[in-house]
Amino acid sequence: MAPIVSVTGGDIRGFIRDGVSVFLGIPYAAAPVGPARWELPRPVAKWEGVRSATEFGATCVQAPYPPPIHALLGSDGIPGDEYLNVNVWTPDPGGSGLPVLVWIHGGAFTRGSNARQIYDGGAFARDGIVVVSINYRLGASGFAAVPGAPLNRGLHDQIFALRWVRDNVAAFGGDPDQVTIFGESAGGMSVVNLLAAPAARGLFRRAIVQSGNGSGVCEAQDAVRLGEVLADRLGIEASAEAFGRVSARQLLEAQNTIGLELMINPDPARWGASVLAGGLGLLSFFPVIDGELLPARPIDVVAAQSNRVPLLAGWTAEEFRFFTFPTGIAAGITDDTLSVLLPRYGLDPAIADIYRAERPGAGAADLYAAILTDAIFRDDVTRLAETPGATHLYEFAWPSALPDLGACHVIEVPFVFDQLAAAHNLTGPNPPQALADETHAAWVRFATHGDPGWAAATSESLVVHRFDFPESTDAIDPRGEELRALRKAHT
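Remember, it's a predicted structure, so these values are computed and weren't measured experimentally. (Residues numbered from 1 in each chain as written. Predicted model: local features only at pLDDT ≥ 70, side-chain atom pairs only at ≥ 80, totals over all residues. Heavy atoms only, no water.)

### Digging into the overall build of the chain
Thinking step 1. Within the chain one finds 19 helices and 16 strands.
Thinking step 2. The C-alpha atoms of the chain give 22 Å as radius of gyration, which agrees with the globular expectation for 491 residues (23 Å, within 12%).
Thinking step 3. Considered along the principal axes of its C-alpha atoms, the chain spans approximately 65 × 55 × 45 Å.
Thinking step 4. The buried share of the chain, taken over its 491 residues, is 59%.
Thinking step 5. Considering only contacts in the chain between residues 6 or more positions apart, those separated by 24 or more positions represent 76%.
Thinking step 6. Taken as a whole, the chain presents about 18,200 Å² of accessible surface, with 52% of it coming from carbon and sulfur. (Helix = DSSP H or I, 4+ residues; strand = E, 2+ residues; numbered from the N terminus. Rg over C-alpha atoms; globule rule 2.2 N^0.38 Å. Buried < 20%, exposed > 50% of the residue type's maximum accessible area, 1.4 Å probe, protein only. Contact = heavy atoms within 4.5 Å. Areas by Shrake-Rupley, 256 points an atom, 1.4 Å probe, with all protein chains shown as cover.)

Next comes the structure, spelled out in structure tokens:
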């Protein structure tokens, strides 16, 4: 018999697959369309009867990934207005007290959704955990600074979704006092933002940061400047009323144009220094220091906290190869261009000599990817471990079987969810199931008990668990000299 539960809004009917009860596309907030696109999330209108929850819900309007990345990940895009929705997987909707994992997807704050097969929560439910995956407003819808509209609407959506979890997860057998949030890339950055946001306090007990950082924010005045450029591209005045009359398709076209221009011409005078520094040339519309939801840079806020929740945090060993080799950028990186590219990230080009010394035979593109892996991902994640509170660090070191990818960005996600069969475009054929078993089990342990299975890092002993195959190991401060040199190299 199909499972039926009651949630905010009314009754929903899911389905059972492999012994797991699944509920898809549940709206947690009202549809943010028209003028509501620029407002704070509002409660969903109640529906009559039993609503079907057997298909993924809509996604925020977005462009497909460029062909090289699309080939690795695919793209998202389910049309519809009710794109503030969640999916739930549970082993027992009639149970109680089960730990809860809430997943926040990545996609540079402009792409992605909770509908990807590699985010399927069935394996976690199989192991006794209720999984909730959320959608939120992306791109300009979620993060453009529009006069008369609140900032950080996408983060407000995430907090609204966490409140929905608090109020409704018991209906699926979950314990609202045992919630762990986790996310990767922009989702990992979102987790750090939520750690820093006063409005999110008390909504989760633990947190997992996968390939995120706490520095990817911009100043409000620069966000306003970018919003004015967006209004100009749309041919409207910069006001919430005027933006409320813009269609989603028009908004997306203008957003895409700005993202491309920003990458081609990263001029601080045009875009604002913090847009370039926080977005690193990869992000266009993303979280803003608004003085309220985000009082300062999240990494600085979290570093000052004395009662931070326990963390599991890490990176992949070769994150930036994902952005360098499939895209063709690697072909244009030489020793000469390296000295031009690194200053764009606020780095002294001399840092390349230190990385080169540890990597005999590495080409300029390899060095570029290694340096940016540390500068964008590893540095901030390590800083989290240097703050008060328990932090378990990991590095995912298993390399993709596909040419040039290595242990790249996103590679750990199908292992975490134990969804390798859906990830061969990224992993190559025959990824090691034993490593998925190990990685997935660590996330289960952390969500259940707060201990993934290795020692927490301390200032005296920076323990990093390195996931690899055929053997995973613990290392103390791996490549620490490079990271310390990198920190000194910031100009």
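### Here's the deal with the nonpolar core
Thinking step 1. In this structure, Ile-26, Phe-124, Phe-172, Phe-204, Leu-230 and Trp-443 are the most contacted members of the largest nonpolar core, which totals 168 residues.
Thinking step 2. Among the domains, domain 1 (1-309) and domain 2 (327-490) are the pair contributing at least three residues each to this core.
Thinking step 3. In this structure Ile-26 touches Val-7, Ile-12, Ala-53, Leu-84, Asn-85, Val-86, Val-88, Trp-164 and Phe-172, once residues within four positions along its chain are discounted. (Core = buried A, V, L, I, M, F, W, Y, C linked by side-chain atoms within 4.5 Å. Domains from an automatic or database assignment.)

### A short note on a nonpolar patch on the surface
Thinking step 1. On the surface, Leu-260, Met-263 and Ile-264 cluster together into a nonpolar patch covering about 330 Å² of accessible area.
Thinking step 2. With respect to the secondary-structure elements, Ile-264 resides in helix 8 (residues 248-264).
Thinking step 3. The exposed category is assigned to Ile-264, whose relative accessible area is 65%. (Patch = residues over 30% accessible without salt bridge, like charges linked within 9 Å, V, L, I, M, F, W, Y side chains within 5 Å. Salt bridge = Lys/Arg side-chain N within 4 Å of Asp/Glu carboxyl O.)

### Observations regarding the pattern of salt bridges
Thinking step 1. Throughout the structure, instances matching the rule amount to 24 salt bridges.
Thinking step 2. Here Glu-39 makes a salt bridge to Arg-42, at a shortest N to O gap of 4.0 Å.
Thinking step 3. Looking at Glu-39, the relative accessible area reads 35%, which means it is partly exposed.
Thinking step 4. Where Asp-222 meets Arg-225, a salt bridge forms, and the shortest distance between an N and an O atom there is 4.0 Å. Residue Asp-222 and its partner Arg-225 are both found in helix 6 (residues 220-234); the two are separated by three residues, about one turn of the helix.
Thinking step 5. Given a relative accessible area of 31%, Arg-225 falls into the partly exposed group.

### Considerations on the packing of helix 6 against helix 8
Thinking step 1. It is at 9 Å that the axes of helix 6 and helix 8 come closest, and there the two elements cross at 125°. Here helix 6 lies oblique to helix 8, going by the angle between them. With respect to the hand of their crossing, helix 6 and helix 8 are arranged in right-handed fashion. Contacts between helix 6 and helix 8 involve Leu-226, Val-229, Leu-230, Arg-233 and Leu-234 from the first element and Gln-250, Leu-251, Ala-254, Gln-255, Thr-257, Ile-258 and Glu-261 from the second. (Axes fitted to C-alpha atoms, helices over the stretch in contact; angles between N-to-C directions. Parallel < 35°, antiparallel > 145°, perpendicular 65-115°, else oblique. Left-handed = near helix turned anticlockwise from the far one by under 90°.)

### Points about the UniProt feature "domain: Carboxylesterase type B" (unreviewed entry) in the chain
Thinking step 1. In this numbering, the UniProt entry assigns the feature "domain: Carboxylesterase type B" (unreviewed entry) to residues 2-453.
Thinking step 2. As a span, residues 2-453 carries 37% helix and 16% strand, and end to end its C-alpha atoms are 37 Å apart. (UniProt positions renumbered as here; feature names shortened; annotations may be inferred.)

### A short note on the sheet that holds strand 16 (residues 473-476)
Thinking step 1. Read from one edge of the open sheet, eleven strands run 3-4-6-8-7-9-10-13-14-15-16, paired in mixed fashion. Single-partner strands in this sheet number two, and they are strand 3 (15-17) and strand 16. Across this sheet, the average inter-strand angle for adjacent strands is 25°, counted without regard to direction.
Thinking step 2. Judged from the four bridges that link them, strand 10 (residues 206-210) and strand 13 (residues 311-316) form a sheet pairing that is parallel. From the neighbouring strand, Gln-210 faces strand 13, where its bridge partner is Gly-314.
Thinking step 3. Here helix 15 (residues 364-385) sits on the sheet in contact with strand 10, strand 13 and strand 14 (391-396), set at roughly 160° to strand 13.
Thinking step 4. Contacting strand 7 (98-104), strand 9 (174-184), strand 10, strand 13, strand 14 and strand 15 (463-467), helix 18 (residues 433-449) runs over the sheet at an angle of about 150° to strand 10. (Pairing = 2+ DSSP bridges.)

### Notes on the pairing of strand 2 (residues 10-13)
Thinking step 1. When strand 1 (residues 4-7) meets strand 2, the two strands line up antiparallel, connected through four bridges. Counted as the bridge partner of Val-5 is Ile-12 from strand 2.
Thinking step 2. Linking strand 1 back to strand 2 in an antiparallel pair, the connection comprises two residues, with Gly-9 at a positive phi of about 110°.

### Considering the side chain of Ser-284
Thinking step 1. Locating Ser-284 in the fold gives a position in the loop between helix 10 (273-279) and strand 12 (288-289).
Thinking step 2. Residues within four places of Ser-284 in sequence aside, it is in contact with Thr-110, Leu-226, Gly-259 and Leu-262.

### Some remarks on the pairing of strand 8 (residues 130-134)
Thinking step 1. Buried residues dominate strand 8, accounting for five of its five residues.
Thinking step 2. Bridge count between strand 6 (residues 85-90) and strand 8: four bridges; the pairing is antiparallel. Among the inter-strand pairings, Val-88 is bridged to a residue of strand 8, identified as Val-132.
Thinking step 3. Relative to strand 8, strand 7 runs parallel, the two being bridged by five bridges.

### Comments concerning the packing of aromatic side chains
Thinking step 1. The final tally for this structure, using the stated rule, is 22 aromatic pairs.
Thinking step 2. Aromatic side chains Trp-164 and Phe-172 sit 6.3 Å apart centroid to centroid with 40° between the ring planes, which places their arrangement in the tilted category. Both residues of the pair, Trp-164 and Phe-172, belong to the buried class.
Thinking step 3. Look at Phe-182 and Phe-417: their rings are 5.6 Å apart centre to centre, the planes differ by 25°, and that puts the pair in the stacked class. (Phe/Tyr/Trp six-rings, centres within 6.5 Å; stacked < 30°, edge-to-face > 60°.)

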